[in-house]
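Coordinate analysis (summary)
For reference, the chains in residue letters:
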Amino acid sequence: MQQKVEEIALMRGLAIMGIVLLHVTAYFLVAERADFLSFKLALVLNQSVRFCLPLFLIISGFGLAYNYRKTGDIKLSRFFTKRFNKVFIPYIIWSVVYFGFYLTVLGKIPNDAKIMDFNSFSANWAEIGLIFTKNLLFGRNYVHLYFVILIVQFYLLYPFLIKRLSKFRDHTVILLMAFFAYLLLMVYFFHFRKLTGIYLVDWFVKYYWKTFVAWYFYFLLGLSMGLRLDTFQRFAEKYFVASGIFYLVTLALVVAEAFLHPPYDIGRLTSLRVSVLLNTLAAVPFFFKSLNMLKDKLRLPVGILEQMGNNSFGIYFIHLVVIYFFSTIMCYYAPGLFSFYRTSFIISLFLVSILFSLLAVKLFNRLPFGHLLTGVKINRSKAYE
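Residues numbered from 1 in each chain as written. Predicted model: local features only at pLDDT ≥ 70, side-chain atom pairs only at ≥ 80, totals over all residues. Heavy atoms only, no water.

The name given to the chain in an unreviewed UniProt entry is Acyltransferase 3 domain-containing protein, with the source organism recorded as Thermincola ferriacetica. UniProt, in the comment section headed Subcellular location (unreviewed entry), describes the chain in these words: "Cell membrane". Of the comments in the UniProt record for the chain, the one headed Sequence similarities (unreviewed entry) reads "Belongs to the acyltransferase 3 family." (UniProt positions renumbered as here; feature names shortened; annotations may be inferred.)

Structure follows, in structure tokens:
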């Protein structure tokens, strides 16, 4: 059994907390007026954690490569069966939950990135079932579920990638080539992509962000880190100060970029930007070394991060229900304290969402079949599988 790398587990905790904050602030960016202070605070926080999705992919690649680097050939049947049980079964269950949430709470049906009125279907359950099935295949039953389909794509690619990457002692040239190719792709899709009239091409152009092509460099970087952990640790140690400075500079760039073009085109301020790529590359060694120095000194914060990291998959699934529930309750029962024009509401909703998402996952894990909801068995011994 591979020794647990505490820093990576803690970075996973940072990543899931960033995702919760990302979605909490999205509520304010959609509902708020741009001239309110709460909108500007939400925008700053939203952009400050844009590294969290790329970081999750890096950690996913790291975990797979690190766990299997000394086990020889991968038994594909066992590998994919395990991933199906831990990832796809919870995904199916939560897809049903969120689809039901749309129908019963919102009275809508998610269909191909559009929200359709449930009443217009006149309870045509065959058509609704077909929509659900199509949404299941493409991660469309709720806004965050596409990420699981993205992870599945990388699981399918993993055996092919790891065999080829393992043949090289030095990954520098490979990573540099992959980086510049990825940089060109990112610039093209962000600034120059356009429809061609060819159905398959246009479909890819429209949904490229749901495919491995849009994120492959992060997963590849994680694989390299997992295979060459000692090299990465030396890099993080040697360039700690430089990476910290670069992280702060690129963080300022990511945030400033969001304010350059009022009235703030939220749809373009995604994680698929060059500034976010550079910020993530700086964040990984900087966070790794920082957490290495702090893990034995700040017991409580580190303990919280560890709990968040260990339960991150379940939290990812449930947190949007929690955010919706508590934002509705808080605004309804205490509108004077909690409303979208108050900056205190952002922090309050974030803390409540973190706490109750974690508690809910802990509760699920105590149930006989709770792992089917969270993807994690309470007695598991490995940290990254």
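After presenting the structure, the write-up continues.
Let's shift gears to the environment of cysteine 331. Here cysteine 331 is to be found in helix α14 (residues 312–333). Considered as a pair, cysteine 331 and phenylalanine 345 are 14 residues apart in the sequence and their alpha carbons are 9.2 Å apart. (Helix = DSSP H or I, 4+ residues; strand = E, 2+ residues; numbered from the N terminus.)

For the rest of this paragraph, the subject is the pattern of salt bridges. Applying the stated criterion across every chain yields a total of three salt bridges. Across the pair lysine 295 and glutamate 7 runs a salt bridge, and its minimum N-O distance is 3.0 Å. With lysine 295 in the loop between α12 (274–294) and α13 (299–310) and glutamate 7 in helix α1 (residues 6–31), this residue pair connects regions lying 288 residues apart in the sequence. Glutamate 7 carries the same exposure label as lysine 295, and that label is buried. Across the pair lysine 289 and glutamate 237 runs a salt bridge, and its minimum N-O distance is 2.6 Å. Here glutamate 237 lies in helix α10 (residues 229–238) and lysine 289 lies in helix α12, a separation of 52 residues in the sequence. Its relative accessible area of 12% is what places lysine 289 among the buried residues. (Salt bridge = Lys/Arg side-chain N within 4 Å of Asp/Glu carboxyl O. Buried < 20%, exposed > 50% of the residue type's maximum accessible area, 1.4 Å probe, protein only.)

With that settled, the discussion passes to a nonpolar patch on the surface. A cluster of nonpolar side chains, namely Leu137, Phe138, Tyr199, Leu200 and Trp203, defines an oily patch on the protein surface of about 580 Å² accessible area. Among the secondary structure elements, those contributing two or more residues to the nonpolar patch are α5 (125–138) and α8 (199–207). Take the nonpolar patch: its biggest share by element is three residues, from α8. Owing to a relative accessible area of 55%, leucine 137 belongs among the exposed residues under this scheme. (Patch = residues over 30% accessible without salt bridge, like charges linked within 9 Å, V, L, I, M, F, W, Y side chains within 5 Å. Areas by Shrake-Rupley, 256 points an atom, 1.4 Å probe, with all protein chains shown as cover.)

Let us look at the packing of helix α4 (residues 76–106) against α14. Following both chains from N to C, one finds α4 and α14 inclined at 10°, their axes separated by 10 Å at the closest point. Judged by the angle between their axes, α4 and α14 are roughly parallel. Taking contact as the criterion, the partners of Lys86, Val87, Pro90, Tyr91, Trp94, Tyr98, Phe101, Val105 and Leu106 in α4 are, on α14, Phe313, Phe317, Ile318, His319, Leu320, Val321 and Tyr324. Within the contact of α4 with α14, the residues separate by chemical class into 14 nonpolar, one polar and one charged. (Axes fitted to C-alpha atoms, helices over the stretch in contact; angles between N-to-C directions. Parallel < 35°, antiparallel > 145°, perpendicular 65-115°, else oblique. Contact = heavy atoms within 4.5 Å. Nonpolar A, V, L, I, M, F, W, Y, C, P; charged D, E, K, R; others polar.)

To continue, consider helix α15 (residues 343–365). In this model α15 runs 34 Å from its N-terminal to its C-terminal C-alpha over 23 residues, within 8% of the 33 Å that 1.5 Å per residue would give. Taken as a whole, α15 has its buried residues at Phe345, Ile346, Leu349, Phe350, Ser353, Ile354, Ser357, Leu358, Ala360, Val361, Phe364 and Asn365. (Expected span 1.5 Å × (residues − 1).)

Our focus in this paragraph is the side chain of threonine 280. Within the element layout of this structure, threonine 280 appears in helix α12. In this view, threonine 280 contacts Phe51, Pro54, Leu55, Ile58 and Tyr218; residues no more than four positions away in its chain are not counted.

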